[in-house]
Amino acid sequence: LINKGDYDEGVKTLARCIKINPDDFAAYTMIGIALYNQRDYQKAITFLNKSIELKVNNTSGYLNRARCYTALKDYNTALKDLEQAAYYDNNTNPR
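Residues numbered from 1 in each chain as written. Predicted model: local features only at pLDDT ≥ 70, side-chain atom pairs only at ≥ 80, totals over all residues. Heavy atoms only, no water.

Trainee: Looking at this structure, I do not really get the overall build of the protein chain. What am I missing?
Mentor: Counting its secondary structure elements, the protein chain contains five helices and zero strands. Going from the N terminus to the C terminus, the protein chain shows its helices and strands as α-α-α-α-α. Against the compact-globule benchmark of 12 Å for 95 residues, the protein chain has a radius of gyration of 13 Å, which places it among compact chains. Dimensions of the protein chain, computed from the C-alpha atoms along their principal axes, are close to 35 × 30 × 20 Å. Sorting the 95 residues of the protein chain into buried and exposed places 34% on the buried side. Contacts spanning at least 24 positions in sequence make up 40% of the contacts within the protein chain whose residues lie at least 6 apart. (Helix = DSSP H or I, 4+ residues; strand = E, 2+ residues; numbered from the N terminus. Rg over C-alpha atoms; globule rule 2.2 N^0.38 Å. Buried < 20%, exposed > 50% of the residue type's maximum accessible area, 1.4 Å probe, protein only. Contact = heavy atoms within 4.5 Å.)

Okay, here's the thing in C-alpha cells:
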C-alpha cells in the first residue's frame, strides 16, 4: 500500500503488524517512510528511532531519518545519520 502511495492505509496495516509483533523493526521503518512522504517529519523520526532501537544496524532507518532531518534543515544530525548508515553498510555488507 505504501509503495502505491496509499500512506494512510499502509500505516494502519503496519500498525496492526506492530501490535502482533512489537519488535518488527521493518514495520517501524516503513511507517517512518510513509510519514516522511506525508511530510510529518517529527512523527517519522519517532518511528525511525524505534526501528533503529530494535535493529541498531538498520541502514534504511538511518538513511530515512537523515532525510527527515534534512527536510527539517538539521543538517548536522542528518550527516551523523548518513555516517552511521555508511558505517553499518560497510560492516554488514563487505564488498
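Trainee: Explain the packing of helix α2 (residues 25-37) against helix α4 (residues 59-71) here, please?
Mentor: Helix packing for two helices is described by the angle between their axes and how far apart those axes are. In the contact formed by α2 and α4, the axes pass within 10 Å of each other and the chain directions differ by 20 degrees. The angle between the axes of α2 and α4 places the two elements in the roughly parallel class. As for the relative orientation of α2 and α4, their crossing is left-handed in sense. Contacts from T29, I33, Y36 and N37 of α2 reach α4 at S60, G61, N64, R67, C68 and A71. Here the contact of α2 with α4 is composed, by residue class, of four nonpolar, five polar and one charged. (Axes fitted to C-alpha atoms, helices over the stretch in contact; angles between N-to-C directions. Parallel < 35°, antiparallel > 145°, perpendicular 65-115°, else oblique. Left-handed = near helix turned anticlockwise from the far one by under 90°. Nonpolar A, V, L, I, M, F, W, Y, C, P; charged D, E, K, R; others polar.)

Trainee: Any chance you could explain the packing of α4 against helix α5 (residues 75-92) here in plain terms?
Mentor: Packing of α4 against α5 leaves a shortest axis separation of 8 Å and a crossing angle of 165 degrees. Judged by the inter-axis angle, α4 sits roughly antiparallel to α5. As α4 runs across α5, the sense of the crossing is left-handed. Of the residues in α5, those touching α4 at T59, Y62, L63, R65, A66, Y69 and T70 are Y75, T77, A78, D81, L82, Q84, A85, Y88 and D89. Here the contact of α4 with α5 is built from residues that sort into nine nonpolar, four polar and three charged.

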